[in-house]
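The primary structure of each chain is shown beneath.
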Amino acid sequence: MEIPRHWRLRQQRYALVGEVCPHCEEKIFPPRDVCPYCGNEAKTQFTFSGRGTVFSFTTLTEAPAGFEQTAPYTVALVKLEEGPVVTAQLTDLGDRPVEIGMPVEMVTRKIRAEDEERGVIIYGYKFRPVLTETQ
Amino acid sequence: MTEISPQPAFAPLKPDRPVGIIGYGAYVPQYRLPASEVARIWKGGRAATPIKEKAVAGLDEDVATMAIEAARNALKRAGIPGDHLRAVWVGSESHPYAVKPTSTLVAEAIGAVPHVQAADWEFACKAGTEALVASMGLVGSGMARYAMAIGADTAQGRPGDELEFTAASGAAAYIVGPAEEALAVIEASFSYVTDTPDFWRRPEQKFPMHGQRFTGEPAYFKHIIAAAQHLMKATGMTAQDFRYAVFHQPNTKFPQRVAGMLGFTPEQIKPGLLSPVIGNTYAAAALIGLAATLDVAQPDDRILVVSFGSGAGSDAFILHVTEAITQRQNRAPTTQTYIARRVEIDYGTYVRFRGKLAS
Amino acid sequence: MREVVIAGIGMTPVGEHWDISLRSLAYRAIRAARQDAGGLQPQALYLGNFLAIDSSHQANLACLIADNAGLGGIEAMTVEAADASGAAAFHVGYLAVASGLVDVALVVGVEKYTDALGPEQESAVAQAMDYDYEVMQGLTLAAQAALVMQRYLYEYRPPREAFAAFPLLAHANAVTNPYAMYRRAVTPEAYARAEIIADPLRLLDMAPYADGAAAVVLTTPERVRDLPHPLVAVRGSIGAIDTLALHDRPDPLAFEAAYHSVQRACEMAGIAPGEVDLFELDDAFSIYAVLSLEAAGFAERGQGWRLAEQEALGLRGRLPILTLGGSKARGNPLGATGVYQVVEAALQLRGEAGANQVPHARRALVQNLAGPASSAFTHVLERYAV
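Residues numbered from 1 in each chain as written. Chains lettered and ligands numbered in written order. Predicted model: local features only at pLDDT ≥ 70, side-chain atom pairs only at ≥ 80, totals over all residues. Heavy atoms only, no water.

J.: An account of the side chain of Asp282(C) is needed here, citing residue identities and associated values.
T.: Residues and elements named next belong to chain C. If you trace the backbone, Asp 282 turns up in the loop between β9 (278-280) and α10 (286-295). One buried charged residue, Asp 282, forms no salt bridge at all, with the nearest opposite charge on Arg 330 at 7.5 Å. Side chain to side chain, Asp 282 and Asn 368 meet in a polar contact 2.9 Å long. Within polar-contact distance, the side chain of Asp 282 engages the backbone nitrogen of Leu 369 at 2.8 Å. Beyond its immediate chain neighbours, meaning those up to four positions away, Asp 282 contacts Tyr 288, Ala 289, Ser 292, Gln 341, Gln 367, Asn 368 and Leu 369. (Helix = DSSP H or I, 4+ residues; strand = E, 2+ residues; numbered from the N terminus. Buried < 20%, exposed > 50% of the residue type's maximum accessible area, 1.4 Å probe, protein only. Lys, Arg positive; Asp, Glu negative; His and termini not counted. Salt bridge = Lys/Arg side-chain N within 4 Å of Asp/Glu carboxyl O. Polar contact = N/O pair within 3.5 Å; in protein donor to acceptor, adjacent residues only side chain to side chain. Contact = heavy atoms within 4.5 Å.)

J.: Tell me about the interface of chain A and chain C, and please be specific about residues and values.
T.: On the chain C side, the residues contacting the 37 residues of chain A number 31 residues. Summed over both partners, the interface of chain A with chain C buries about 2900 Å², with 56% contributed by carbon and sulfur atoms. A per-residue breakdown of the area chain A buries against chain C is headed by Phe55(A), Thr87(A) and Ile100(A), which together make up 18% of the total. Taken together, chain A and chain C are joined by two salt bridges. Ionic pairing is found between Asp132(C) and Arg5(A), a salt bridge with its closest N-O pair at 2.9 Å. Ranked by the residues each element gives to the side of chain A that touches chain C, the list is headed by strand β4 (residues 51-60) of chain A, at six residues. (Buried area = accessible area lost by both parts, 1.4 Å probe.)

J.: An account of the interface of chain A and chain B is needed here, citing residue identities and associated values.
T.: Frequently, the measure chosen for interface size is the accessible area that the parts lose on association. Every contact between the two is made by 26 residues of chain A and, on the other side, 26 residues of chain B. Buried area between chain A and chain B, summed over both chains or domains, comes out near 2100 Å², and the portion from carbon and sulfur atoms is 50%. Measuring nitrogen to oxygen at the nearest pair gives 2.5 Å for the salt bridge that ties Arg128(A) to Glu69(B). Counting residues per element, the ones that place at least two in the side of chain A that touches chain B are α2 (10-15), β7 (103-113) and β8 (121-129) of chain A. Counting residues per element, the side of chain A that touches chain B draws most heavily on β7(A), at five residues.

J.: How would you sum up the packing of aromatic side chains? Please name residues and give values.
T.: Throughout the structure, instances matching the rule amount to 23 aromatic pairs over all chains. Ring geometry for Phe29(A) against Tyr125(A): centres 5.6 Å apart, planes inclined by 75°, an arrangement best described as edge-to-face. Remark: Tyr125(A) occurs in strand β8 and Phe29(A) occurs in the loop between β2 (27-28) and β3 (44-47); sequence separation between them is 96 residues. For Phe29(A), a relative accessible area of 2% corresponds to the buried category. Counting every residue linked through ring pairs, the aromatic cluster contains Phe29(A), Phe46(A), Phe48(A), Tyr125(A) and Tyr133(C). Over the aromatic face of Phe46(A) sits the side chain of Lys27(A), whose NZ or CZ is 5.1 Å from the ring centroid. The residue whose ring lies beneath Arg77(B) is Tyr24(B), and the NZ or CZ to ring-centre distance is 4.2 Å. (Phe/Tyr/Trp six-rings, centres within 6.5 Å; stacked < 30°, edge-to-face > 60°. Lys NZ or Arg CZ within 6 Å of the ring centre and 35° of its normal.)

J.: Would you mind going over the arrangement of the chains in detail, with residue names and values included?
T.: With two pairs of chains in contact, the largest contact count belongs to chains A and C. Left apart from each other, chain B and chain C have a closest C-alpha approach of 12 Å.

J.: Pulling in residues and values, what's your account of unusual backbone geometry?
T.: Backbone phi values are negative for most residues with the exception of glycine, while trans is the configuration of most peptide bonds. With an omega of -5°, the peptide bond running from Ala71(A) to Pro72(A) counts as cis. As for its placement among the helices and strands, Pro72(A) is situated in the loop between β4 and β5 (73-80). In this structure, Pro200(C) follows Asp199(C) across a cis peptide bond, with omega equal to 5°. Positive phi, close to 45°, is recorded for Leu334(C), a residue that is not glycine.

J.: I'd love a proper account of the sheet that holds strand β3 (residues 53-56) of chain B, names of residues and values included.
T.: Residue and element names in this part refer to chain B. One open sheet holds the three strands; their spatial order is β3-β2-β14, and the pairing between them is mixed. Either end of the sheet is taken by a strand with one partner, and the two such strands are β3 and β14 (343-344). Both strand β2 (residues 31-34) and β3 contribute to a ladder of four bridges, which runs antiparallel. Within the sheet, the bridge partner assigned to Leu 33 lies in β3 and is Lys 54. (Pairing = 2+ DSSP bridges.)

J.: Describe in detail the pattern of salt bridges, supporting the description with residues and values.
T.: Tallied over the entire structure, the rule returns 40 salt bridges over all chains. Glu108(B) serves as the salt-bridge partner of Arg10(A), at 3.1 Å between the closest nitrogen and oxygen. Taken together, the positions of Arg10(A) in helix α2 and Glu108(B) in helix α3 (residues 102-109) put the pair across two chains. On the accessibility criterion, Arg10(A) (23% relative accessible area) is partly exposed.

J.: Please give an account of the packing of helix α2 (residues 63-78) of chain B against α3(B) that cites residues and values.
T.: All names here are of chain B. Close contact between α2 and α3 brings their axes to 9 Å; oriented N to C, the two are set at 40°. The pairing of α2 with α3 is recorded here as oblique in orientation. Remark: the crossing between α2 and α3 carries right-handed chirality. Between α2 and α3, the contacting residues are Val 63, Ala 64, Ala 67, Ile 68, Ala 71 and Arg 72 on the first element and Thr 102, Leu 105, Val 106 and Ala 109 on the second. Taken together, the residues that form the contact of α2 with α3 break down as eight nonpolar, one polar and one charged. (Axes fitted to C-alpha atoms, helices over the stretch in contact; angles between N-to-C directions. Parallel < 35°, antiparallel > 145°, perpendicular 65-115°, else oblique. Left-handed = near helix turned anticlockwise from the far one by under 90°. Nonpolar A, V, L, I, M, F, W, Y, C, P; charged D, E, K, R; others polar.)

J.: Can you break down helix α9 (residues 256-269) of chain C residue by residue, with the values?
T.: In an α-helix, one turn spans 3.6 residues; hence positions three or four apart end up facing the same way. Residue and element names in this part refer to chain C. Taking 1.5 Å of rise per residue, the 14 residues of α9 would be expected to cover 20 Å, and the 20 Å separating its terminal C-alpha atoms lies within 8% of that figure. All buried positions along α9 are accounted for by Ala 257, Ala 258, Ser 261, Val 262, Ala 265, Cys 266 and Ala 269. Looking straight down α9, one finds that the buried residues subtend no more than 150° of arc, so they occupy a single side. The inward-facing, buried residues of α9 contact β8 (232-241), α10, β10 (363-370) and β11 (375-383). (Expected span 1.5 Å × (residues − 1). Arc of directions from axis to C-beta.)

This is the structure we're talking about:
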């Protein structure tokens, strides 16, 4: 069981809670102890909007342990509108072809279970094609 | 139809401080299983089907994820941050865990923790509306300014069972707050409950059992009609006083029939009758229907909502829409936006998505 | 710092060694390298390995390997930098001898990929990435390479088939390498037909993970004046890191760590990167070979694939790469790869590469990467002139 390491990250995973550097005001995700932009310590929480665009993507058929049940799936580098890039799965694609530059939005989904029948279920961010343009 | 009246002495539920809905949000997953697919596999393709198609949760979705999205939509419409909520209550019969609340996960995801009531509710298909009544109490008593009630399900049906045509997935969330902030004031509520075993699932069983035709007359119809009639009578209203009505919808026919029995026209139930295209979303069914109705409602409209939960009981509500509705309808995706997002799947994909493959 | 030379080299064939254990595999390479070095007694063993702590459930592997090889009492430790562990161990061995603290160091790279099978092994290799933010999204090393390749195709628009040149070259060179896993050429048609692993990455864009062990004996030149083969001097050896996670880089197509380690290793050796006779680069994925060429300055950004087009990279080209098949055709024994590369470069510089000999090879650049150059180690090796 690896409960603590996932539990500790729940706010980041469920709601894209990262940081804003109090010194240079750059937005940071995933959180870091030292701001990569100015080198000072960054500790102020910041919740990202969840809006971004696809920077790169790929679809896997050979999934690692824990992910076999959902293969094939698409993983992308998503550039968040606040600046940082995150690695995340794309979901709800249907038959829609993915393209670099495609607008996406964050949703909270099941990432995987520690054990299909009995283990803790790990939830976290994924991104899907933007549902409506009017939000 | 014989009229069944509870003791007239019982007044409708009405809090000391008037309350209303200040935000609402729906969620319907994008996958659709046409009922004809179930008929193709189990009935030689020749059965009359109770609905056109049903919404099915994807592999990475469950009650928690759907509840989170509905809750986020409700917060957007209410225009409040998650930490203003003093309760996050999730009603469902398909919580991801038998023990460990869905509500804490939802509350964490929407930023409502840690100073919050959180619990999961179970009363078959009316678990969500029961949470709504409790929210009225919490806010109406002055203990809380805002409380959230969610109904969500990824309903189960044994392969080949009648339920497999209709058992669907979806969620809806409501934030109850002071009437002066409401997009719809909850004028009164009334519940009608008896011990009626029309549908059940024993612990550690994957699929529910049901009483076939016993689920109709003595269960669905009796409880909805009793709750609705009593509430209308006690408030001095008739079907003509309402612009819209929403009833629990296990299929297409039942809500149509119960509406007719209560004197409602097909027009009145039209915006909220979603079961033909999304199926029976159980604890979410009446609440998603209400969300779709609120999406099109105008100020001063009155809406009657009556849920039904097996086992059995109904909660009835009278909503009075306010001026605030017009600015809030488009702050989050409408129910029809979700319904329009449609990816058809076949029975094989459905069986994989719902974890029905024998391993 | 003292002058350091490679006095002995040894390796096992790369492949699926079902019947050979982790410790025995390492021993075979150690025995060969020690014999080649005239039986010098090592005072320290630095081991490069990536997977054993997970896949073989073995920690303190260097102790086991040294103990099993009859080297009781010496200093031994494992050096881990994912699939650059071999180069990292070589770097530590170099530092130990150069510093004067150790006179004879044994550097061993060993990987027993086939000790575990299936999705568990895919997960073990994925640990080269940021576990919380990459692995937990279901990413694999191959999928990560696909993300890089997809972006490269988008930004620079090379023909998709341009990447074929790298596996084709690797396989052509491996035909005459008895230690290689795949000693057969592949055709452009086979490349085009290959199964897609993670689009746009095909099976032939990815070096196959395998078992293998390689070893070198490092010492100072005066200790080994009478060996029957030439010595190879280590003129430069530098490691550098980038962000561990690909997504944290301002420009994921710039292999910054590879760039810095090449620049500084060449500076240390007093040469320019162009003044080498061969470049044993890391072709764990064909796209990484392209980006390594660009990072080292052999091609402009976005133009690395053109070097293959111009046939510059063959054994008789102006910059031979993957001279004994690279990871693609020799096989990729992950934490041992960096030591294999050094052994292969040493064979070239000693003039012992047989049919694969690069004519007049006197100086080699050797580079091993962890993942998408999250870590990079570059060495400058030179035929030792007395």
